[in-house]
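Fold and geometry: a report
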Amino acid sequence: MKRILRSCAIALCWLLLWQLAAMAAGSAVLLPSPWETAKALVALAGTGFFWKTTGMTLLRVAAGFLLGMAAGTALGVLTAASKAADAFFAPLRGVVKATPVTSFIILVLLWLTASLTPVFIAFLMVLPIAWANVREGVLAVDAQLLEMADVFQLPRAKKLRHIYLPSVLPQYLAACTTGFGFAWKSGVAAEVIARPALSIGKNLYESKLYLNTEELFAWTAMVILLSMLLERAMVCMMRRIRK
């Protein structure tokens, strides 16, 4: 109860500061108030278009996230098992980590459609995170446990389940949580530039273009709320899997 009250008090303080800033700005075009933003969000939420748009954005991000986790897992296992493969793929990992997201979005738009670009960008942002975490988890396996498994001629399936999985799982679950946050932000950013039909990013861009700041803040609030809810759900799911 104390935590809930403290969180509510902190939220009210920030809303008050936002209201004061909006009053100082003196124009909803420059900075809408919390009440104006809430009204715009409620109005949007009452339309089927809003939920279709949100669902399509979630679908694109989820597809990119799952593909990134799958490819990152495969590359993590491969590069941990083979030094030659690790040396060969190391430049690719460095390029993906170092290149700005905007550059990737513009380049990918040359090759893919507007709808597929956010999927690929989300995939690209998740890939190095899953790759690095799985690789570190595999390399962190206790060598003495592996020697003991060889002495007792433990089958590969049991070796995987009882030795490798406990070592990799914490790193993998951390990659899932971190990766989804990156996938969500980069996917929406890609939508802003690519502007596919039925996307949150396209509506953010058009709200800014037509100076509809209330809707711009409402869509942004939706992005933040969804990010917090999905991250919380992901953390709860990861805890259950770990148990």
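To start, this report covers the structure provided alongside it. (Residues numbered from 1 in each chain as written. Predicted model: local features only at pLDDT ≥ 70, side-chain atom pairs only at ≥ 80, totals over all residues. Heavy atoms only, no water.)

1. Observations regarding the pattern of salt bridges
A side chain with one charge may pair with a side chain of the opposite charge, provided their charged atoms come close. Taken as a whole, this structure holds three salt bridges when the rule is applied. Across the salt bridge formed by Arg93 and Asp86, the nearest N and O atoms sit 3.6 Å from each other. Considered together, Arg93 and Asp86 belong to a single accessibility category, that of buried residues. A salt bridge links Arg135 to Asp86, with the nearest nitrogen and oxygen atoms 2.9 Å apart. Taken together, the residues span a long stretch of sequence, with Arg135 in helix 6 (residues 116–139) and Asp86 in helix 4 (residues 83–98) at a distance of 49 residues. According to the relative accessible area criterion, Arg135 is partly exposed, its value standing at 21%. (Salt bridge = Lys/Arg side-chain N within 4 Å of Asp/Glu carboxyl O. Buried < 20%, exposed > 50% of the residue type's maximum accessible area, 1.4 Å probe, protein only. Helix = DSSP H or I, 4+ residues; strand = E, 2+ residues; numbered from the N terminus.)

2. Points about a nonpolar patch on the surface
Residues Ile10, Trp14, Leu16, Leu17, Leu20 and Met23 make up a contiguous nonpolar surface patch of roughly 680 Å² in combined accessible area. By secondary structure assignment, the location of Leu16 is in helix 1 (residues 2–25). The exposed category is assigned to Leu16, whose relative accessible area is 53%. (Patch = residues over 30% accessible without salt bridge, like charges linked within 9 Å, V, L, I, M, F, W, Y side chains within 5 Å. Areas by Shrake-Rupley, 256 points an atom, 1.4 Å probe, with all protein chains shown as cover.)

3. Considering the packing of aromatic side chains
For the coordinates displayed, the defined rule picks out seven aromatic pairs. Judged by centre distance (5.0 Å) and plane angle (35°), the rings of Phe50 and Trp219 are tilted. In this pair, Phe50 sits in helix 3 (residues 48–81) while Trp219 sits in helix 10 (residues 213–242), placing the two residues 169 residues apart along the sequence. Judged on exposure class, the residue Phe50 and its partner Trp219 are both buried. Here the aromatic cluster, defined as three or more aromatic residues joined through ring pairs, consists of Phe50, Trp51 and Trp219. The positively charged end of Arg93 is found above the aromatic ring belonging to Trp131, 5.0 Å away from the centroid. (Phe/Tyr/Trp six-rings, centres within 6.5 Å; stacked < 30°, edge-to-face > 60°. Lys NZ or Arg CZ within 6 Å of the ring centre and 35° of its normal.)

4. Some remarks on the nonpolar core
By size, the foremost hydrophobic cluster in this structure holds 27 residues, and its most contacted members are Phe65, Met69 and Trp184. Among the secondary structure elements, those contributing two or more residues to this core are helix 2 (34–45), helix 3, helix 6, helix 8 (156–194), helix 9 (200–209) and helix 10. For Met69, the residues in contact, after removing those within four places along its chain, are Val126, Ala130, Tyr172, Ala175 and Cys176. Within the second largest apolar cluster, 12 residues are counted, among which are Ile105, Met125, Trp131 and Ala190. (Core = buried A, V, L, I, M, F, W, Y, C linked by side-chain atoms within 4.5 Å. Contact = heavy atoms within 4.5 Å.)

5. Structural notes on unusual backbone geometry
With a phi angle near 55°, Arg195 is a residue other than glycine that sits in the positive phi range. Looking at the element boundaries, Arg195 is found in the loop between helix 8 and helix 9. What makes Arg195 partly exposed here is its relative accessible area of 38%. Positive phi, normally seen in glycine, also occurs at Leu198, with a value near 55°. Along the chain, Leu198 falls in the loop between helix 8 and helix 9.

6. Side note on the packing of helix 4 against helix 6
Running from N to C, helix 4 and helix 6 cross one another at 135°; their axes reach a closest spacing of 10 Å. Relative to helix 6, helix 4 is oriented oblique. Every pair of crossing elements has a handedness; the one defined by helix 4 and helix 6 is left-handed. The residues of helix 6 that touch helix 4, namely those facing Asp86, Phe89, Leu92, Arg93, Val96 and Lys97, are Leu124, Pro128, Trp131 and Arg135. (Axes fitted to C-alpha atoms, helices over the stretch in contact; angles between N-to-C directions. Parallel < 35°, antiparallel > 145°, perpendicular 65-115°, else oblique. Left-handed = near helix turned anticlockwise from the far one by under 90°.)

7. Details of the side chain of Thr37
Residue position: Thr37 is located in helix 2. Once residues within four sequence positions are removed from consideration, Thr37 is found in contact with Trp18, Pro32, Phe217 and Ala218.

8. Digging into the environment of Val168
Mapped onto the fold, Val168 is located in helix 8. On the accessibility criterion, Val168 (13% relative accessible area) is buried. Once residues lying within four places of it in the same chain are set aside, the contact partners of Val168 are Val134, Gly137 and Val138.

9. Overview of helix 6
Over its 24 residues, helix 6 runs 34 Å from end to end, which matches the ideal 34 Å to within 8%, given 1.5 Å per residue. The largest bend in helix 6 comes to about 25°, at Val126, with the proline Pro128 one to four residues further on. Counted residue by residue, helix 6 has 18 buried out of 24 residues, so it is predominantly covered. (Expected span 1.5 Å × (residues − 1). Bend = angle between axes of the 7 residues up to and from the residue.)

Remember, this is a structural readout, not a statement about activity or role.
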